[in-house]
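A closer look at the structure
Listed below, chain by chain, are the residues.
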Amino acid sequence: MAMQEVAPFAETLEQRKVFVSGIRRIFGVSESVSDLLSHHRRMVSTEPPQVRSYNEVTMVPLSRLRKGVFSGGAYCNGQLIDALGWYRGANSKESLVRPVLMHGSGYSPQVIDEAWFGGFMVWHFGHFLVESLARLAGTAVRDSDLPIVFFAQRPSAALQDYMTTALYHLGIDTKRVFLIHEPVRVRVLLAQDPYITIRGSVSRPDRLPLCGSCVSSRPREGLIYLSRRKLSDRREVRGEALLEDVILKNGGEIFYPEQHDFSS
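**Structural notes on the nonpolar core**
Counting 23 residues, the largest nonpolar core has Met59, Leu84, Phe117, Phe151 and Leu189 as the members making the most contacts within it. At the level of secondary structure, the elements contributing two or more residues to this core comprise strand E4 (51-66), strand E5 (69-76), strand E9 (110-121), strand E10 (148-152) and strand E12 (184-192). What Leu84 contacts, discounting residues up to four positions off in sequence, is Tyr54, Ala74, Phe117, Phe120, Arg135, Leu189 and Ala191. Judged by nonpolar contacts, the second largest core, of 19 residues, contains Trp116, Trp123, Leu146 and Ala166.

Here it is as structure tokens:
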């Protein structure tokens, strides 16, 4: 079965959530596999993420306004730094989290001389892997002893075990992690662009450097698909078995994340 011959075979549906109120999305594939692969190749960059520097940044903590809606962000000269923003939603519904009000000039925030921007600490395993670790790739952050400041989806909550395990395997001491729960001013904020974004762009040269892992100098080629099919009672992908079959017939591999721990 050639890639270009694969027709659309599923649609995206919505159902009521089982355990909580709201809508549960059942994701489907609405394009041919060849279209999906073409889109993927366009989103892969051969350039490493850049490191940017910002001076006198005021970081206003996240505050939940209602379900899925937060305020908070990083400011420089009174302007929100969009490049350090938190984007929620997808496609046409995507939006940038913005503060409602800045703190008045009479407020004296805590001051940090220099730090790395870690991004957003998200209490959801999948989003944590994609969003919370995205700015920690490469050796510059790992080899530094500067604090790493994170906006936190849950500012008062302690890091979960899977978070500390992931940071350990990245070679980052959790003592460096600083969660923003009150306004903080950072005199020099270093921010590495994310090596992967929730919207699909990937920088191949700077994948996450796991401590003790063997990194080949030769880039690995091929197709690998992360499947949800063996998860139970979770959001499913309609027609995923057919998609896996097509990928296998075209020389790809299927990866089931729940069958592996972080170090593997």
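**Examining the pairing of E10**
E10 sits mainly inside the fold: 5 of its 5 residues count as buried. Burial of the side chains of E10 extends over both faces: Ile148, Phe150 and Ala152 are buried on one face and Val149 and Phe151 on the other. Direction of pairing for E10 relative to strand E11 (residues 177-180): parallel, over a ladder of 4 bridges. Residue pairing for E11: Ile148 is matched across the bridge by Val177.

**Thoughts on helix H5 (residues 240-249)**
Looking only at H5, the buried set comprises Glu240, Leu243, Glu244, Val246 and Ile247. Buried residues along H5 cover an arc of 160° about the axis, so they all sit on one side. Gly251 sits one or two residues past H5 and shows a positive phi near 85°.

**With respect to the packing of aromatic side chains**
If you walk through the whole model with that rule in mind, you get 6 aromatic pairs. Residues Trp86 and Phe120 carry aromatic rings whose centres are separated by 5.3 Å and whose planes lie at 15° to one another, so their mutual orientation is stacked. Residue Trp86 is located in the loop between strand E6 (79-80) and strand E7 (87-88), and its partner Phe120 is located in strand E9; the two are separated by 34 residues in the primary sequence. A relative accessible area of 3% means that Trp86 is categorised as buried.

What counts and what doesn't
Sequence order as written defines the numbering, with residues in each chain counted from 1. In keeping with the predicted nature of the model, local features appear solely for residues at pLDDT of at least 70, side-chain atom pairs appear and are counted solely at 80 or more, and the whole-chain, interface and lining totals rest on all residues. Excluded from the side-chain calculation are hydrogens and water; included are all heavy atoms of the structure. In this text, buried Ala, Val, Leu, Ile, Met, Phe, Trp, Tyr and Cys residues form a nonpolar core when linked through side-chain atoms within 4.5 Å. Note on exposure labels: buried denotes an accessible area under 20% of the residue type's maximum, exposed denotes more than 50%, and partly exposed covers the range between, all computed with a 1.4 Å probe on protein chains only. Numbered from the N terminus, helices here are DSSP runs of H or I no shorter than four residues, and strands are runs of E no shorter than two. Contacts between residues were defined by any pair of non-hydrogen atoms, one from each residue, lying within 4.5 Å. Pairing between strands is defined by DSSP: at least two bridges between the two strands are required. The arc refers to the directions leading from the helix axis to the C-beta atoms. Centres within 6.5 Å make a pair out of two Phe, Tyr or Trp rings, where for Trp the six-membered ring is used; the pair is then stacked when the planes are under 30 degrees apart, edge-to-face when over 60, and tilted otherwise.

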